[in-house]
Amino acid sequence: MSQAAAPLPSPLTGDQGALLSRFAEGADGSALLWASGYLAGLASALTPTALAAATAPAVAAQPATILYGSQTGNARRAAEALHAQLQDAGLPARLLRADAYPLRELGNETLLYLVISTQGEGDPPDDAIGFAEFLHGKRAPRLPQLKYAVLGLGDSSYADFCGIARKLDARLAELGAARVQALGEADLDIDSVAAPWREAALGHARELLKPAPTAHLATVTPLRPHAAPAWSQDRPFPAELLANQPLSGREYKGTGFRRYAAPDKDVRHLELSLEGSGLSYEPGDALGIRHRNADALVAAILDATRLDGDTVVEHDGEALPLSRWLAERRELTRLARPVLAALAERANARELAQLLEPGDSALAALLGDHQLIDALRRWPADWDAAALVAALRPQVRRLYSIASSRKRVGDEAHLTLDVLRYHAHGHDHFGAASGFLAALEEGAQLPVHIEPNERFRVPLDPSRDIIMVGPGTGVAPFRGFVQERAETGASGRNWLFFGARHFNTGFLYQTEWQDALQKGELHRLDLAFSRDQADRIHVQQRLREQGRDVFDWLQNGANLYVCGAIDMGKDVHAALLEIVSAHNGGDADAAADYLVGLQREGRYARDVY
């Protein structure tokens, strides 16, 4: 980045400047010595302030760097919004996904904004794993020149709320960087925290990026603004439900089912029409859905709080009956710190207040074991309708991996849905969104939007092999992968690892996989049914059994994909570390570096939740 020296101030006159110019044009050594002495004399005549102005370097035109790590797109959108604000203000800035950031540049950064979501219990999203490991590793540089700010996005229904954002914020300070504003910690109502955080960031950027009057700024070409999509999470498309078919306990055949034994899980195959929407997706993307909370759950909460559902509540500029707030606008299943804090105060519940103290490990168990209705029944309190609406979190859309390729199904999107049902605390419990979807009848309309997942795509090179690990409903995107690769005539091989509890009731899309094997659309299939024998067998064990071939495929350029529950993803990652270490010299650190390298290349992608 070029810089211009500040002009030498008075008392250098025009005649003196002309004289020096002539000396600069081919002057000999004695003339240059004379000129240096002359300039030294002039400098001694300057005041300290003028001398400082004459010798100070110009303010660098180095842009601010905005890095984001995002699992579901929210952190990306928040980072994009900040980038747009800086550009609109005429300030130089660049926007990068964390796994695309050249780590060697960190030591030279002067202004860094980090926007990052927390995955699971305090973990980074997949696209920021490498950055987080580098920052906490021995190779991280000292950063005395860096000014920074961190915006964390999280879900306070998890005990380690915004955990990775807190860790990275603290680590940057530990490396000597200067925090220009406090860590932002956004819950599901993201903009209530993110919007003021961005405004503060813009204010600091105006001060820190303001160029000196004489500095020659590098031209920054504004990004072409994205056309606003016709349909989005704020304006979802009303998709018609074409099919809602059980998968578990039956063999899926596309047009019919053969009943097996009664299932221990309720898994559904849904088909939605996108005709007329203009919506487009790629295999690996997700479908965002807005659900309605069940009437029975709304009634139970009204009963537990002794409130009237017809009471009109005005909140955030909207006036609705309490029953509508509960049915359409508020989270009623996932517990979170804010509502627990309000409940502890209203119920004067010391036990609950103690759980909310920092470091109390019992909070995680409570958040994982209780829904809102359980907490309201356990700690009865006096509520008024407005206070209840204010305490509850806004309803959040649910994301489901799309289980189809448009090249095969046309203007449709297919989903694989695991319906959450369980009994606890003396009552039956249901998943809010999964229960809503399972109850829909064909012909119903469902508000949807597309959530892109650029990191979870079939390879651009059709000759590249792929390994897919997707137990349970984690197999959904791989149905789309195999369809896509078959329809495009990809020559690369497809290897699927699938697992479930039982062969008879949990082998999702069994006949489709068998047909794909016969047609050569699927080349290898390894299965793990954990409860069909005395010893539990999971997909990670099958990976270890095939470790030699898995490593060979990776060495020959294969892409590796993992989709499913967070804990499964950790177990699979541990198995991969063992496999790479066993076949790559036995060095555990080298194995970890190998997998990080695959992630940076985009050859190891995970979609875990």
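All values derive from a computational prediction rather than experimental measurement.

Parameters at a glance
- Residues numbered from 1 in each chain as written.
- Predicted model: local features only at pLDDT ≥ 70, side-chain atom pairs only at ≥ 80, totals over all residues.
- Heavy atoms only, no water.
- Core = buried A, V, L, I, M, F, W, Y, C linked by side-chain atoms within 4.5 Å.
- Buried < 20%, exposed > 50% of the residue type's maximum accessible area, 1.4 Å probe, protein only.
- Helix = DSSP H or I, 4+ residues; strand = E, 2+ residues; numbered from the N terminus.
- Contact = heavy atoms within 4.5 Å.
- Axes fitted to C-alpha atoms, helices over the stretch in contact; angles between N-to-C directions.
- Left-handed = near helix turned anticlockwise from the far one by under 90°.
- Nonpolar A, V, L, I, M, F, W, Y, C, P; charged D, E, K, R; others polar.
- Salt bridge = Lys/Arg side-chain N within 4 Å of Asp/Glu carboxyl O.
- Phe/Tyr/Trp six-rings, centres within 6.5 Å; stacked < 30°, edge-to-face > 60°.
- Lys NZ or Arg CZ within 6 Å of the ring centre and 35° of its normal.
- Pairing = 2+ DSSP bridges.
- pLDDT = per-residue confidence, 0-100.
- Parallel < 35°, antiparallel > 145°, perpendicular 65-115°, else oblique.
- 1 Å grid on protein atoms, 1.4 Å probe; cavity = no way out; pocket = protein on both sides within 12 Å on 5 of 7 lines; lining within 4 Å.
- Points joined across faces, edges and corners; volume = space filled by probe spheres on them.

What follows is about the nonpolar core. Counting residues in each nonpolar core, the largest one holds 39 residues, and the members touching the most others are I301, L326, L340, L352 and W383. With 6 residues, helix 8 (residues 295–305) is the largest single contributor of residues to this core. Apart from residues lying up to four places away in sequence, L352 is in contact with L340, L343, A344, L366 and W379. Of all hydrophobic cores here, the second largest spans 27 residues; its members include L96, I116, A132 and L135.

What follows concerns the packing of helix 5 (residues 129–136) against helix 6 (residues 163–174). Between helix 5 and helix 6, the shortest axis-to-axis distance is 10 Å and the interhelical angle comes to 40°. As for how helix 5 packs across helix 6, the hand of that crossing is left-handed. Along its contact with helix 5, which presents A132, L135 and H136, the element helix 6 presents I164, K167, L168, R171 and L172. Counted by class, the contact of helix 5 with helix 6 contains 5 nonpolar, 1 polar and 2 charged residues.

This brings us to the pattern of salt bridges. Within this structure, the stated rule accounts for 41 salt bridges. Here R334 and D155 are joined by a salt bridge, their closest N and O atoms 3.8 Å apart. Of this pair, R334 sits in the loop between helix 9 (322–329) and helix 10 (337–347) while D155 sits in the loop between strand 4 (147–153) and helix 6; the two residues are 179 residues apart in sequence, bridging distant segments of the chain. Among the ionic pairs, R408 bridges to E521, the shortest N-O distance being 3.6 Å. One end of the pair, R408, is in helix 15 (residues 406–409); the other, E521, is in the loop between helix 19 (510–519) and strand 21 (524–529), and 113 residues separate them in sequence. On the basis of relative accessibility, which here comes to 37%, the residue R408 falls in the partly exposed class.

Taken as a whole and assessed by the stated rule, the structure comprises 15 aromatic pairs. Taken together, a centroid distance of 5.8 Å and an interplanar angle of 20° make the contact between F498 and F507 stacked. With respect to class, F498 is no different from F507; both count as buried. Aromatic side chains F503 and F529 sit 5.5 Å apart centroid to centroid with 85° between the ring planes, which places their arrangement in the edge-to-face category. Taken as a pair, F503 in helix 18 (residues 503–506) and F529 in strand 21 lie far apart in primary sequence, 26 residues in all. Judged by its relative accessible area of 9%, F529 is buried. Taken together, F456, F478, F481 and Y561 form an aromatic cluster joined through their ring pairs. Positioned over the ring face of W231 is R235, at 4.4 Å from the centre of the ring. The ring of W553 is capped by R493, whose NZ or CZ atom sits 4.0 Å from the centre of that ring.

This part takes up the sheet that holds strand 23 (residues 604–608). Overall, parallel pairing links the 5 strands, which are arranged 21-20-19-22-23 in an open sheet. Here the strands that pair on one side only, and so sit at the sheet edges, are strand 21 and strand 23. For this sheet the average axis-to-axis angle between neighbouring strands, irrespective of direction, equals 10°. By the bridge criterion, 4 bridges tie strand 19 (residues 466–469) to strand 20 (residues 494–500) in an arrangement that is parallel. The residue bridging V469 from the neighbouring strand is F497, located in strand 20.

Moving on, we get to unusual backbone geometry. Despite not being glycine, H425 shows a phi value in the positive range, around 55°. In this structure, Y509 takes a positive phi of about 60° despite not being glycine. Within the secondary structure, Y509 is located in the loop between helix 18 and helix 19. The exposure class of Y509 is buried, given its relative accessible area of 0%.

What follows covers the pairing of strand 10 (residues 266–273). The buried fraction of strand 10 amounts to 8 of the 8 residues, a majority that puts the element mostly inside the structure. Both faces of strand 10 are covered, namely the face carrying D266, R268, L270 and L272 and the face carrying V267, H269, E271 and S273. Judged from the 6 bridges that link them, strand 7 (residues 237–246) and strand 10 form a sheet pairing that is antiparallel. When the sheet's bridge partners are listed, P246 is paired in strand 10 with R268.

Looking now at the confidence of the model for the chain. When the pLDDT values of the chain are averaged, the result is 85; 84% of them are 70 or greater. Contacts from residues 1–60, a stretch scored under 50 in pLDDT, to residues over four places away or in other chains number 41 contacts. The low-confidence segment residues 250–263 (pLDDT under 50) makes 36 contacts with residues lying over four places distant or belonging to another chain.

A word on the packing of helix 21 (residues 547–555) against helix 22 (residues 566–583). Contact geometry of helix 21 with helix 22 gives a least axis separation of 9 Å together with a crossing angle of 80°. Here helix 21 lies roughly perpendicular to helix 22, going by the angle between them. Along the contact surface, helix 21 presents G547, R548, V550 and F551, while helix 22 presents L576, I579, V580 and H583. Across the contact of helix 21 with helix 22, the residue classes break down as 5 nonpolar, 2 polar and 1 charged.

What follows is about the environment of L153. By the secondary structure assignment, L153 is in strand 4. Among the residues examined, L153 registers a relative accessible area of 5% and is labelled buried. A sequence separation of 12 residues divides L153 from A165, and the C-alpha atoms of the two residues are 7.8 Å apart. Setting aside residues up to four positions removed in sequence, L153 forms contacts with N74, A75, V115, I116, S117, T118, C162, A186 and I190.

Leftover empty space is mapped by rolling, across the atoms, a probe with the size of a water molecule. Under the definition given, this model contains 2 cavities of 30 Å³ or more. Of the volumes computed, that of the largest cavity is approximately 40 Å³. In terms of lining, the largest cavity is formed by E331, R334, L335, A336, V339, L372, L392 and R393.

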